[in-house]
Amino acid sequence: MAEEISVVIREATPEDAQEILTMSKQVGSETEFLVMDEEGLQLSPERLALELGYLAESTNNLLLVALVGEKIVGTASVKATNEYRIAHIGEIGISLLKEYWGFGLGTLLIEEIIDWAKNSKKIFRLELQVQVRNERAVHLYQKLGFEIESTMPRGARSDAGEFLDVYQMSYLDL
């Protein structure tokens, strides 16, 4: 890779709401590897700003943004519940604008999530679902220590209606 970029990774703030929504629509239209489509997150900027405020106060939830210059080019999240019996489980979501694939940003974002989880003293299991056909993502997660726990037949569907297998993966070294 000849080109280098400078990236800043930080926690999302309520002021990021509109740009996150714009980015989510673009990402959703660029790949079928995500659950969301070109409609994006389906929230109003005001609602997302409120949610981002709640996230900032949570001890077991996180939303990171990756910025190149002033532009949000990716997000990574950990979503957990407050229900005691499962509050230690964080579900990961990650998305990057397609023009920023291949720069190592996915690796940086997942490493930040793992580091945050280790320091949280609240999250003791990270998990995610990834389409089997998304070989680049599967390789990334395995490289960082995630293990495939199961395959879910018909775990997703392509835009053309084809059923797709999905891996359930987890990271337990927390």
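Residue positions within a chain follow its written sequence, with the count starting from 1. The model is predicted, so local features are restricted to residues of pLDDT at least 70 and side-chain atom pairs to those at 80 or more, both for listing and for counting; the totals for chains, interfaces and linings are taken over all residues. Side-chain descriptors were evaluated using all non-hydrogen atoms of the structure, hydrogens and water having been removed beforehand.

**Brief notes about empty space enclosed by the protein**
Part 1: Every definition here rests on a 1 Å grid over the protein atoms only: cavities are sets of points where a 1.4 Å probe fits but cannot get out, pockets are open sets enclosed by protein on both sides within 12 Å along at least five of seven lines, and lining residues have some atom within 4 Å of a point. Grid points are joined across faces, edges and corners, and a volume is the space filled by probe spheres set on the points. The final tally for this structure, using the stated rule, is one cavity of 30 Å³ or more.
Part 2: In this structure, the largest cavity spans a volume of roughly 40 Å³.
Part 3: Glu11, Ala12, Leu52, Leu55, Ala56, Asn61, Leu62 and Leu63 together form the lining of the largest cavity.
Part 4: Helix and strand definitions follow DSSP, with helices as H or I runs of at least four residues and strands as E runs of at least two, each counted in order from the N terminus. Of all the secondary-structure elements, those providing two or more residues to the lining of the largest cavity are α2 (45-57) and β2 (62-68).
Part 5: Element by element, the count of residues in the lining of the largest cavity is highest for α2, at three residues.
Part 6: The classification used treats Ala, Val, Leu, Ile, Met, Phe, Trp, Tyr, Cys and Pro as nonpolar, Asp, Glu, Lys and Arg as charged, and all other residues, Gly among them, as polar. When its residues are assigned to classes, the lining of the largest cavity shows six nonpolar, one polar and one charged.

**Things to note about unusual backbone geometry**
Part 1: Of note, the phi angle at Lys121 is positive, near 60 degrees, even though the residue is not glycine.
Part 2: Here Lys121 is to be found in the loop between α3 (105-120) and β5 (125-131).
Part 3: Owing to a relative accessible area of 62%, Lys121 belongs among the exposed residues under this scheme.
Part 4: In this structure, Arg154 is a non-glycine residue whose phi angle is positive, near 60 degrees.
Part 5: Topologically, Arg154 is positioned in strand β6 (residues 147-157). Exposed residues in this analysis have more than 50% of their type's maximum accessible area, buried residues have under 20%, and partly exposed residues fall in between, with area computed by a 1.4 Å probe over protein chains only.

**A short note on the nonpolar core**
Nonpolar side chains in soluble globular proteins generally cluster together in the buried interior.
Part 1: Remark: nonpolar core denotes a set of buried residues (Ala, Val, Leu, Ile, Met, Phe, Trp, Tyr, Cys) joined through side-chain atoms within 4.5 Å. By size, the foremost hydrophobic cluster in this structure holds 45 residues, and its most contacted members are Ile20, Ile110, Ile113, Leu126, Val130, Tyr141 and Phe146.
Part 2: Here, two residues are considered to be in contact whenever any of their heavy atoms come within 4.5 Å of each other. Excluding residues that lie within four positions of it along the chain, Val130 makes contacts with Ala137, Val138, Tyr141, Val166, Tyr167 and Met169.

**Points about the sheet that holds β2**
Part 1: Sheet architecture is open: seven strands sit in the order β1-β2-β3-β4-β5-β7-β6, paired in mixed fashion. Strand pairing shows two members of the sheet lacking a second neighbour, β1 (8-11) and β6, which therefore form its edges. The average undirected angle you get between the axes of adjacent strands in this sheet is 25 degrees.
Part 2: Axis definition: a line fitted to C-alpha atoms, limited for helices to the stretch in contact. Angles are taken between N-to-C directions and run from 0 to 180 degrees. In this fold helix α4 (residues 135-143) packs onto β4 (89-96), β5, β6 and β7 (163-171), with an angle of close to 160 degrees to the strand it touches most, β5. Note on pairing: two strands pair once DSSP finds at least 2 bridges between them.

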